[in-house]
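Here is what each chain is made of, one letter per residue.
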Amino acid sequence: KAKAGLKDFLHISDFDKHTIMKILDRAKEVKELIKSGERTYLPCKGKTMAMIFAKPSMRTRVSFETGFYLLGGHALYLGPNDIQMGKREETRDVARVLSRYNDIIMARVFAHQDILDLAKYATVPVINGLTDYNHPCQIMADALTMIEHIGRLEGTKVVYVGDGNNIVHSWLMLASVIPFHFVCACPRGFEPDARTTKRAIRAGVSKIEITNDPKEAVKGADVVYTDVWASMGQKEEAEYRRKVFQGFQVDEELMELAGPKAYLMHCLPAERGVEVTDGVIEAPNSIVFPQAENRMHAQNAIMLHALGL
Ligand code: CP
Ligand code: NVA
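Residues numbered from 1 in each chain as written. Chains lettered and ligands numbered in written order. Predicted model: local features only at pLDDT ≥ 70, side-chain atom pairs only at ≥ 80, totals over all residues. Heavy atoms only, no water.

As recorded in an unreviewed UniProt entry, the chain goes by ornithine carbamoyltransferase and comes from Sesamum alatum. Taken directly from UniProt, the Subcellular location (unreviewed entry) text for the chain runs: "Plastid, Chloroplast". Taken from UniProt, the Catalytic activity (unreviewed entry) comment for the chain reads in full: "carbamoyl phosphate + L-ornithine = L-citrulline + phosphate + H(+)". (UniProt positions renumbered as here; feature names shortened; annotations may be inferred.)

Here we take up the site of ligand 2. Neighbouring ligand 2 are Leu130, Asn165, Asn166, Asp227, Val228, Ser231, Met232 and Leu268. Asparagine 166 places a side-chain nitrogen or oxygen 2.8 Å from an oxygen atom of ligand 2. Methionine 232 places a polar main-chain atom, nitrogen or oxygen, 2.8 Å from an oxygen atom of ligand 2. Taking 270 Å² as the accessible area of ligand 2 by itself, protein coverage stands at 95%. A class-by-class count of the residues in the shell around ligand 2 yields four nonpolar, three polar and one charged. (Near = heavy atom within 4 Å. Polar contact = N/O pair within 3.5 Å; in protein donor to acceptor, adjacent residues only side chain to side chain. Areas by Shrake-Rupley, 256 points an atom, 1.4 Å probe, with all protein chains shown as cover. Nonpolar A, V, L, I, M, F, W, Y, C, P; charged D, E, K, R; others polar.)

A word on helix H5 (residues 136-150). With 15 residues, H5 ought to run about 21 Å at 1.5 Å a step, and its terminal C-alpha atoms sit 21 Å apart, in line with that. Of all 15 residues in H5, 12 are buried; the element is thus mostly enclosed. If you check which residues of H5 are buried, you get Pro136, Cys137, Gln138, Ile139, Met140, Ala141, Asp142, Ala143, Leu144, Thr145, Met146 and Ile147. Trailing H5 by a residue or two, glycine 151 shows a phi angle of about 100°, which is positive. (Helix = DSSP H or I, 4+ residues; strand = E, 2+ residues; numbered from the N terminus. Expected span 1.5 Å × (residues − 1). Buried < 20%, exposed > 50% of the residue type's maximum accessible area, 1.4 Å probe, protein only.)

The element strand S5 (residues 157-161) is largely enclosed, with a buried count of five among its five residues. With burial as the criterion, each face of S5 is covered, one bearing Lys157, Val159 and Val161 and the other bearing Val158 and Tyr160. Two elements, S5 and strand S6 (residues 181-185), share five bridges in a ladder whose sense is parallel. The partner of valine 158 across the bridge, within S6, is phenylalanine 182. Pairing between S5 and strand S8 (residues 223-226): four bridges, direction parallel. Pairing of tyrosine 160 across the sheet is with tyrosine 225, part of S8. (Pairing = 2+ DSSP bridges.)

A separate point is the UniProt feature "domain: Aspartate/ornithine carbamoyltransferase carbamoyl-P binding" (unreviewed entry) in the chain. Here, UniProt's "domain: Aspartate/ornithine carbamoyltransferase carbamoyl-P binding" (unreviewed entry) annotation points to residues 7-148. Along residues 7-148, the helical share is 46% and the strand share 13%, with 26 Å between the first and last C-alpha atoms.

The next point concerns the sheet that holds strand S2 (residues 74-78). The sheet built from four strands is open, its strands ordered S2-S1-S3-S4 with parallel pairing. Of all the strands in the sheet, just S2 and strand S4 (126-128) have a single pairing partner and so form its edges. Neighbouring strand axes in the sheet, compared pairwise and without regard to direction, differ in orientation by 20° on average. Note: strand S1 (residues 48-53) against S2, five bridges, orientation parallel. Each residue of the ladder has a partner; that of isoleucine 52, found in S2, is leucine 78. In the packing of helix H3 (residues 91-101) onto the sheet, contacts are made with S1, S2 and strand S3 (104-108), and the angle to S1 comes to roughly 150°. (Axes fitted to C-alpha atoms, helices over the stretch in contact; angles between N-to-C directions. Contact = heavy atoms within 4.5 Å.)

Near ligand 1 the following residues occur: Ser57, Met58, Arg59, Thr60, Arg108, His135, Gln138, Cys267, Leu268 and Arg295. In the model, an oxygen atom of ligand 1 is placed 2.8 Å from a nitrogen or oxygen of the arginine 108 side chain. Considered on its own, ligand 1 offers 260 Å² of accessible surface; in the complex 95% of this is hidden by protein. In this structure, ligand 1 is accommodated by the largest pocket. (1 Å grid on protein atoms, 1.4 Å probe; cavity = no way out; pocket = protein on both sides within 12 Å on 5 of 7 lines; lining within 4 Å. Sits in = over half its atoms within 2 Å of the grid points.)

Encoded structure:
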């Protein structure tokens, strides 16, 4: 089923470098407009967006809802108990019904297959607001933040320390489109998905390394990045993971090893004292809050692209 002029946003690697850079440029442009107080740019006037959340959220919910409103549209929050996608109703029915009321659908789900099914059956664009597998909007915001703080994304060294999770998969997909040096340092057995890693390496765009040695990995990093050790849906493993992940905390010593130019990034929410210390989050080279703000600006550009605006 073709969506003429409309595009899903499910994986960064569904797009070429030109398109990703175009979206990031647009994000900068619209960010400036919004931050200038300009309120007459309302390209989404009269449009509505359904936001499906099977998991909790602060950033994703608030940034999408506020962002779409600032572009002139109206967003509806559908929480875990509202739709109960796949339980109360089949995903393919949800997709087709919501498409009749709304111009765009954003969804945060557990199984990645759910977002693929939504996109398959919806007749409006579907945006991935995180699945167990990936989190493309987050990494677009991260890319925008790096461009703002470092001046570029290409040729930088990004070292992710921690669990080889959905965040890492989106970093790998970005690295298969835009050339930079990506290193994931994780405990043995917590590496990112092997097929996703292989595909990113085979793309031949970026230098990609998966290692179990965070101290060696961070040397010369432009960005040291981390995320929770137990993602949503894995919270019952949290205690076990705290033991296995000893030595992978991003602390003052690791940031020291990274060197003076390294910024700290974290998609948030952070568990201070677990994957990251309070001190490094509060340090002057931490850019976690500009990074969080950029969720909204990156997503505004993603929504405009999805809607062909
Ligand atoms: N980073 C992120 O997606 O945050 P939320 O889970 O609060 O949306
Ligand atoms: N890896 C985390 C990211 C939260 C934004 C999770 O999936 O819970």
